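# Descriptive analysis of the structure
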Protein chains: 2
Amino acid sequence: MFSFKNNIVLSRGSSRNLYLQLCDQIISFIKSGKIPPSTKLPSSRKLSEDLHVHRKTIIAAYDELITQGWIETIPYRGTFVTKSLPLITPKQFNYSGTENKSKEKSGFLFVTRPHLIRKLNTERSTSTLIIDDGIPDYRLVPNEEIAKIYRNITKKSYYKSLLSYGSIYGNAELRKHLVTFLNQTRGLNISIDNVLITRGSQMGIYLASQLLLNNKKRIITGSTNYMTADNTFTEAGAIIEQVPTDHNGLDTGAIEKICSTKKISAVYVTSHHHHPTTVTLSAKRRMHLLQLAQRYGFAIIEDDYDYDFHYSNSPILPLASSDTNGNVIYIGGFTKIIAPALRIGYLIAPKDFVDETARLRRIIDRQGDTLLEQTLAQMLHTGDIQRHSNKVLKIYKTRRDLFCLLLKEKLSAYFDFDIPKGGMAVWVTLNKAYNWDDICLKAKELHLEIAPDWRRYDNDNSGHNGIRMGFASLNEKEIQEVIDRLVMVFNELG
Amino acid sequence: MFSFKNNIVLSRGSSRNLYLQLCDQIISFIKSGKIPPSTKLPSSRKLSEDLHVHRKTIIAAYDELITQGWIETIPYRGTFVTKSLPLITPKQFNYSGTENKSKEKSGFLFVTRPHLIRKLNTERSTSTLIIDDGIPDYRLVPNEEIAKIYRNITKKSYYKSLLSYGSIYGNAELRKHLVTFLNQTRGLNISIDNVLITRGSQMGIYLASQLLLNNKKRIITGSTNYMTADNTFTEAGAIIEQVPTDHNGLDTGAIEKICSTKKISAVYVTSHHHHPTTVTLSAKRRMHLLQLAQRYGFAIIEDDYDYDFHYSNSPILPLASSDTNGNVIYIGGFTKIIAPALRIGYLIAPKDFVDETARLRRIIDRQGDTLLEQTLAQMLHTGDIQRHSNKVLKIYKTRRDLFCLLLKEKLSAYFDFDIPKGGMAVWVTLNKAYNWDDICLKAKELHLEIAPDWRRYDNDNSGHNGIRMGFASLNEKEIQEVIDRLVMVFNELG
């Protein structure tokens, strides 16, 4: 006879409800055969006395077990373990009994993509400091605000409906507030029909590329360019044409020259701060580029990933703000302001193009996370995002100033750079007497990780010798430490 | 002189903190010029008396405003509105002043996709009942469990790091627990290297298609097939070869015949319940299909989207459980068990293929929602998912039984169907004296929406006259009502 009293142990300190603990244990005893089918269970009154818990706890557990089909109540007789347990014993077929090991190699052919980054995993010790290429400091994530809004939403009557299938364009609330936000902050003049919510700005680049660039269509980018964008264009089947960039950004004269001889489908521009070199596309060139787009009928993919991060000057309005002809696909996101893992971005374009991207996204991931989108909608509406943005802007500016000051004071013999007007990274060019491989290797010995080779942005082997050094993710103490270790690297290299 | 006392109104009943209300209002007065730069602010003591709030509230608000750069404290003098406000006044360029209206048409060319579903928005009155094609009932979402785990995670020390950039393969905890879960429930024998976490199973189908099927490679599907999968293959550039399906699922003899004359890259199979007809692929055909895959070197894309939903029989183990040669790409997800909008799925395959899919997903959406993935990991670990799954299984079984009973009792003159062994829909074939267009139109008048034309699954115009009728999303009262309205439809059609 099975003794519930002796076998069941409930812990009040556990984060798991008592009644669920009781369920877990009874199920495991049923599964293991210790409580066989048709066994009568003690009454809730008896068991509550035996286990010293409230009778309601026992009743809740029994209800749960009945719902799941483990036990059943027979009127006037009591509660019993069901005869046919809800245990799944799937039917095997063809199982040889030999070890069916996890697979390393596939038994079929597939197309590998040499243009996609191959090194994916790096292991680091906890004492390692990292100079990334410009990412936000996750320690500044406004987690309490987010959690609070999340909680509030889960209490609303509409909450559950947010968890069903939703619009492939994204949550309607977020699209609405985004229209207001972008019209106010970026001088756009859009309506909700121009908005697709994406999983971060990268999905916007991917969707636009797939629709614009298949079958060897041509796209123009800078001769140094954001590598992941280049990879995305190559993946779509594009031919990439490069034009030089200088202190005013993309050379639009060179773009005009190419357009006069070849059919160009799109130009990719990170207008606010050119990636990787951080320069801003000048107002004059913005106008020129818009004129060219209209004349030659190409799309401008304007990736304005860090419009919100400007320290020294006011930003110039994006090209999208003066796009009278429907040539601009404006891409941005909140991952850099809020948190990289909460992937919310947007693609702004003429309605016909937005419709087509929505149809394509439907077969990629069906839709976004409506709950997260609703949360962001509220944060936009209440101004929480703008407030948080102002806050981190001040912090990042301080970090930029310190990083650049120390870089100049202690490392100007080795590095050349301009102070970036915004963003999260400095474009640092290495004295040609040195090379990055030696430096990265030596740095690693000192537990400092600098851009791996695929982060050097020298896609066309021009030998520019520059890398992006991110300052935003390091606090002031860490910045001091990073600079100290860099000084040691050069001392040791001699 | 601006009067704080007369202009600021704080509401204790609001869900917004008092100090944030105060911030909001002071900022808006500064922005509107009512409190000009360099204005001295009242002391926190004075303002707390004027507004009848605790002095700590005023101090918190002032701290927040200082952090954001709206006000500053000058030692021995007091607190002042800053001279240079943190207001963004972006520089305009080329702004003509004319109405820059939201765009309908783009000024560039892009490739439209005739194979993607074109009708995307449908408006419904609230009294409309919907016969969908088999989706879960969002009212059954275990929202309290999810919210509780979410909250617990946000209290952990590792929480913020989950919000930074994470693995392109998905959260390590989830991959680990998924290995155990799939090995236990599906007889797989996989390790963490075989697992990619996706945004629902659809992303798995998309990624696999892109890698396997470019450039007119051939894939075999059933002659009725899940339409979104077919669209995904077409999007990837595939040629689709069709084989018949019968009561044992895909005709593997027909597959063998095709393989003997053409190079086949993949076979797509919804093994547990063929979509749309809900039949199960027999054990014998599973073996045959695996043998063919090995002999001809093709991939089996096994979309096991509703393995967990079986009512009458134990399920047959998936093909992936007996895949000794690395031919199977096993795709599944939790959206149907948990909630459609919480898009978590998985792709299980040999390591080399998983690595390549991860690289591709990196340029699509970078990574998943680590926080949500961590939540699901815990739900798998504690057994919450299995428990919830058992619970909804019982409910859906009752709904299936009622739906089929009423369909048989009241509509057998018009419809032919088999009771499905699992899943969320019945495959209903219409008496050829009728056609779906008339029925759908008439139904709409009675506020009943049945599958629109693109949901009829007759991709190859075979005239099978079948549709999927979902029963899972309707409660018992709604099922009664739906059947009553269907009876009225046929009565009116005569």
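Report follows, based on the coordinates. (Residues numbered from 1 in each chain as written. Chains lettered and ligands numbered in written order. Predicted model: local features only at pLDDT ≥ 70, side-chain atom pairs only at ≥ 80, totals over all residues. Heavy atoms only, no water.)

### Brief notes about the packing of aromatic side chains
This structure, assessed with the given rule, holds 36 aromatic pairs over all chains. Each ring, one from F415(A) and one from F490(A), has its centre 5.4 Å from the other, and the planes form 85°; the classification is edge-to-face. Remark: F490(A) occurs in helix α16 (residues 476–493) and F415(A) occurs in strand β13 (residues 415–417); sequence separation between them is 75 residues. There is no split in this pair, since F415(A) and F490(A) are both buried. Measuring from centroid to centroid gives 5.3 Å for F233(B) and Y268(B), while their planes differ by 65°, and the two rings are edge-to-face. Here the residue F233(B) occupies a position in helix α9 (residues 227–236), and Y268(B) occupies one in strand β9 (residues 266–269), the gap between them amounting to 35 residues. Note on F233(B): relative accessible area 0%, which makes it buried. Put simply, the rings of Y414(A), F415(A), Y434(A), W436(A) and F490(A) touch in pairs and so form one group of aromatic residues. (Phe/Tyr/Trp six-rings, centres within 6.5 Å; stacked < 30°, edge-to-face > 60°. Helix = DSSP H or I, 4+ residues; strand = E, 2+ residues; numbered from the N terminus. Buried < 20%, exposed > 50% of the residue type's maximum accessible area, 1.4 Å probe, protein only.)

### A look at the pairing of strand β6 (residues 239–243) of chain A
Residue and element names in this part refer to chain A. In the sheet, strand β5 (residues 218–222) pairs with β6 via five bridges, with the strands oriented parallel. Of the residues in β6, the one forming a bridge with T221 is Q242. The parallel pair β5 and β6 is bridged by helix α9 (residues 227–236), and the resulting crossover is right-handed. (Pairing = 2+ DSSP bridges. Right-handed = clockwise from strand over helix to strand, strands pointing away.)

### Digging into the relation of the copies chain B and chain A
Superposition of chain B onto chain A requires a rotation of 180° combined with a translation of 0.0 Å along the rotation axis, giving an RMSD of 0.1 Å. Seen this way, the second copy is the image of the first under a two-fold rotation axis. (Least-squares fit on C-alpha atoms with pLDDT ≥ 70 in both.)

### A look at the pairing of strand β11 (residues 328–333) of chain A
Regular strands place their side chains on alternate faces of the sheet. Residue and element names in this part refer to chain A. For β11, the tally of buried residues reaches six of six residues, placing the bulk of the element in the interior. Residue alternation in β11 divides its side chains into two sets, V328, Y330 and G332 and I329, I331 and G333, and both sets are buried. Note: strand β10 (residues 299–303) against β11, four bridges, orientation parallel. Of the residues in β11, the one forming a bridge with E302 is Y330. For β11 and strand β12 (residues 345–348), the ladder comprises four bridges, and the chain directions are antiparallel. Note that in β12 the partner of G332 across the bridge is Y346.

### What about helix α16 (residues 476–493) of chain B?
Residue and element names in this part refer to chain B. With 18 residues, α16 should reach 26 Å at 1.5 Å per residue; the first-to-last C-alpha distance of 26 Å fits that figure. Along α16, the residues classified as buried are E478, I479, V482, I483, R485, L486, V489 and F490. The buried residues of α16 all sit within an arc of 160° when viewed along its axis, so they share a single face. Away from the buried face of α16 by more than 90 degrees, exposed residues K477 and N491 are located. By the N-cap criterion, in which a side-chain oxygen at the helix start approaches the backbone nitrogen of a residue two or three places on, α16 is capped by N475, the distance to K477 being 3.2 Å. Positive phi shows up at G494, right after α16, with a value of about 75°. (Expected span 1.5 Å × (residues − 1). Arc of directions from axis to C-beta. Polar contact = N/O pair within 3.5 Å; in protein donor to acceptor, adjacent residues only side chain to side chain.)

### Overview of the pattern of salt bridges
Working definition: two side chains of opposite charge can pair if their charged atoms are close together. Here the structure, examined in full by the defined rule, presents 52 salt bridges over all chains. Measuring nitrogen to oxygen at the nearest pair gives 2.7 Å for the salt bridge that ties D50(B) to K46(B). Here D50(B) pairs with K46(B), and both are found in helix α3 (residues 44–51), just four residues apart, close to one helical turn. Of the charged contacts in the structure, one is a salt bridge between D484(B) and K410(B), with a shortest N-O distance of 3.6 Å. Here D484(B) is found in helix α16, whereas its partner K410(B) is found in helix α14 (residues 384–411), with 74 residues between them in sequence. By sharing partners, the salt bridges in this structure join R16(A), D24(A), D384(B) and R387(B) into a single network. (Salt bridge = Lys/Arg side-chain N within 4 Å of Asp/Glu carboxyl O.)

### Focus: the interface of chain B and chain A
At the interface, 134 residues of chain B touch 132 residues of chain A. Interface area, chain B with chain A, both sides summed: about 11,900 Å², of which 56% is carbon and sulfur. Interface area lost by chain B to chain A is led by F93(B), F108(B) and I363(B), which between them contribute 7%. Our enumeration of links across chain B and chain A arrives at six salt bridges. Close ionic contact of D384(A) with R16(B) constitutes a salt bridge, the shortest N to O distance being 3.3 Å. (Contact = heavy atoms within 4.5 Å. Buried area = accessible area lost by both parts, 1.4 Å probe.)

### Let's talk about the sheet that holds strand β14 (residues 425–430) of chain B
Residues and elements named next belong to chain B. Strand order in this open sheet of three strands is β13-β14-β16, and the pairing throughout is antiparallel. Every interior strand has two partners, whereas the edge strands, β13 (415–417) and β16 (466–470), have only one. Neighbouring strand axes in the sheet, compared pairwise and without regard to direction, differ in orientation by 40° on average. Here β14 runs beside β16; their pairing, made up of five bridges, is antiparallel. Bridging across to β16, W427 finds its partner in R468. (Axes fitted to C-alpha atoms, helices over the stretch in contact; angles between N-to-C directions.)

### A closer look at helix α8 (residues 200–212) of chain A
In a regular helix each residue adds 1.5 Å, so 13 residues correspond to 18 Å; α8(A) covers 19 Å between its end C-alpha atoms and thus fits that length. The element α8(A) is extensively covered by neighbouring structure, given that 13 of its 13 residues are classed as buried.

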